[in-house]
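What follows is each chain in one-letter form.
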Amino acid sequence: MRAENEQILAKPGHDTGAMLSVHGLKKVYRSKKDADVEAVRNLTFDLRPGELACLVGPSGSGKTTLLRCISGLLEPTAGEVRLGGKLVTGPPKGMAVVFQEYGRSLYPWMTVKANVELPLKNARMPKDQRNELVETALQSVGLAHVPRSYPWQLSGGMQQRVAIARAVAFQPEVLLMDEPFAAVDAQTRADLEDLIRSVWASLGVTILFVTHDIDESVYLGERVIMLSSSPTVIQDDLVIDLPADRDQLTTRSLPRFAELRAHVYEQIQIAKHAAQGNSIETPGESEQQWP
Ligand code: ADP
Ligand code: MG
């Protein structure tokens with residue numbers, strides 16, 4: 001009886017065993033000059049420890065806003081975010097974020113090694129341990145040969161790999177990635193997708209990977225959470241029941257891959273048309289975002 005009561009009294013997101021819990025999240029950007037923008041209306045989802053979930057949604061649907069709220073950089077207008085049951089009120093310790101604009105996230109005056117090492121230094125980790133983690137992380141992204149180069153000496157794809165190495169070396173409990181491969185070429189992108197899968201498998205980290213690419217979400221995730229167009233709610237939440245051992249050629253040519261891809265595509269179409277019915281979305285804009 002007591003246990004039952006406790007369960008009823010427990011607030012959502014508490015004691016659920018979730019690593020990351022987003023409950024009733026709403027974000028309205030308020031401005032004195034312009035009209036308010038409701039970027040996110042009402043989002044609720046949990047990630048269990050070690051889960052790799054992808055979040056897809058059209059451009060402007062509030063993906064970056066959501067990640068900024070999760071990483072404690074923005075205060076939600078309503079609702080809450082919990083990490084390991086603890087309310088997020090500022091940047092949490094065990095979280096790393098990889099943004100789309102790698103060019104701006106690396107320090108140009110620091111070498112590759114120094115960039116990757118910085119969060120570990122800030123955490124006052126002893127030098128030996130730092131060196132070992134940086135070396136392993138650079139190896140895992142295939143950049144062990146350029147520790148003394150500067151970011152501006154590297155290609156875009158390599159710079160993004162440095163940003164990923166920095167996140168990996170930090171050994172976060174939760175890794176958030178905001179369209180991290182949007183600006184890299186197709187071949188590098190495929191390599192980086194496989195890198196994320198292998199880092200995830202070896203570290204057991206919980207990953208929320210944001211993308212507007214339907215194929216990428218299905219290839220990478222154990223689960224795909226689909227956002228509607230603005231005003232943003234969760235349109236669908238799909239388990240990706242593909243074999244865990246994924247391969248760019250084999251996995252993408254499985255009939256099940258095509259089925260899952262079609263499902264995500266359909267849901268996005270439904271969301272898009274619902275939003276257009278509400279005449280909230282700018283006509284024509286979404287046509288460029290979704291094939
Ligand atoms: P996405 O990452 O899915 O493209 P964003 O989270 O960047 O979406 O943006 C969601 C909505 O919020 C958009 O309409 C965008 O114009 C608006 N927005 C984002 N940042 C701000 C801000 N700082 N001030 C006002 N509106 C914003
Ligand atoms: Mg964005």
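What you see is a predicted model; the values in this text were computed from it and never measured.

Details of the packing of aromatic side chains
Phase 1: Under the counting rule described, the total for this entry stands at 3 aromatic pairs.
Phase 2: Taking the centre distance of 5.0 Å and the plane angle of 45° together, the rings of tyrosine 107 and tryptophan 109 count as tilted.
Phase 3: With relative accessibility at 35%, the residue tyrosine 107 sits in the partly exposed group.
Phase 4: Assessed through its relative accessible area of 59%, tryptophan 109 is described here as exposed.
Phase 5: Between phenylalanine 181 and phenylalanine 209, the ring centres sit 5.4 Å apart and the planes meet at 55°, which makes this aromatic pair tilted.

A closer look at unusual backbone geometry
Phase 1: Phi at arginine 124 takes a positive value of approximately 60°, unusual for a residue other than glycine.
Phase 2: Position of arginine 124 relative to the elements: it lies in the loop between α4 (112-122) and α5 (127-140).
Phase 3: Even without glycine at this site, glutamate 179 takes up a positive phi of about 40°.
Phase 4: Along the chain, glutamate 179 turns up in the loop between β7 (174-178) and α7 (186-203).

A closer look at the nonpolar core
Phase 1: If you look at the biggest cluster of nonpolar residues, it comprises 51 residues, and the most contacted ones within it are Ile164, Leu175, Ile207 and Val264.
Phase 2: A domain split of this core shows at least three residues from each of domain 1 (1-94 + 172-285) and domain 2 (107-171).
Phase 3: Discounting residues that sit within four places of it in the chain, isoleucine 164 has contacts with Val98, Val141, Met177, Phe181, Leu192, Leu195 and Ile196.
Phase 4: One finds Leu43, Leu47, Ile70 and Leu83 within the second-largest nonpolar core, a separate group that totals 26 residues.

Focus on the packing of α4 against helix α6 (residues 156-169)
Phase 1: Direction vectors running N to C along α4 and α6 enclose 30°, while the axes themselves pass 8 Å from each other. Considering their axes alone, α4 and α6 lie roughly parallel with respect to each other. Seen from above, α4 lies across α6 with right-handed handedness. Contacts from Val112, Asn115, Val116, Pro119 and Leu120 of α4 reach α6 at Val162, Ala165, Arg166 and Ala169.

Concerning α4
The α-helix advances 3.6 residues per turn, and as a result positions three or four apart in sequence lie on the same side.
Phase 1: When α4 is considered as a whole, its buried residues turn out to be Val112, Asn115, Val116, Glu117 and Leu120.
Phase 2: Where α4 is buried, its residues meet α5 and α6.
Phase 3: Downstream of α4 by one or two residues, arginine 124 has phi in the positive range, about 60°.

Here we look at the confidence of the model for the protein
Phase 1: Mean pLDDT for the protein: 87, with 88% of residues reaching 70 or above.
Phase 2: Least confident of the elements in the protein is helix α11 (residues 285-289), whose mean pLDDT is 38; most confident is strand β3 (residues 52-56), at 97.
Phase 3: Low pLDDT, under 50, characterises residues 1-13; the stretch is placed with 7 contacts to residues that sit more than four places away or in other chains.
Phase 4: Per-residue pLDDT stays below 50 along residues 279-291; that stretch engages in 22 contacts with residues further than four places along the chain or on separate chains.

Rules and cut-offs
Residues numbered from 1 in each chain as written. Chains lettered and ligands numbered in written order. Predicted model: local features only at pLDDT ≥ 70, side-chain atom pairs only at ≥ 80, totals over all residues. Heavy atoms only, no water. Phe/Tyr/Trp six-rings, centres within 6.5 Å; stacked < 30°, edge-to-face > 60°. Buried < 20%, exposed > 50% of the residue type's maximum accessible area, 1.4 Å probe, protein only. Helix = DSSP H or I, 4+ residues; strand = E, 2+ residues; numbered from the N terminus. Core = buried A, V, L, I, M, F, W, Y, C linked by side-chain atoms within 4.5 Å. Domains from an automatic or database assignment. Contact = heavy atoms within 4.5 Å. Axes fitted to C-alpha atoms, helices over the stretch in contact; angles between N-to-C directions. Parallel < 35°, antiparallel > 145°, perpendicular 65-115°, else oblique. Left-handed = near helix turned anticlockwise from the far one by under 90°. pLDDT = per-residue confidence, 0-100.

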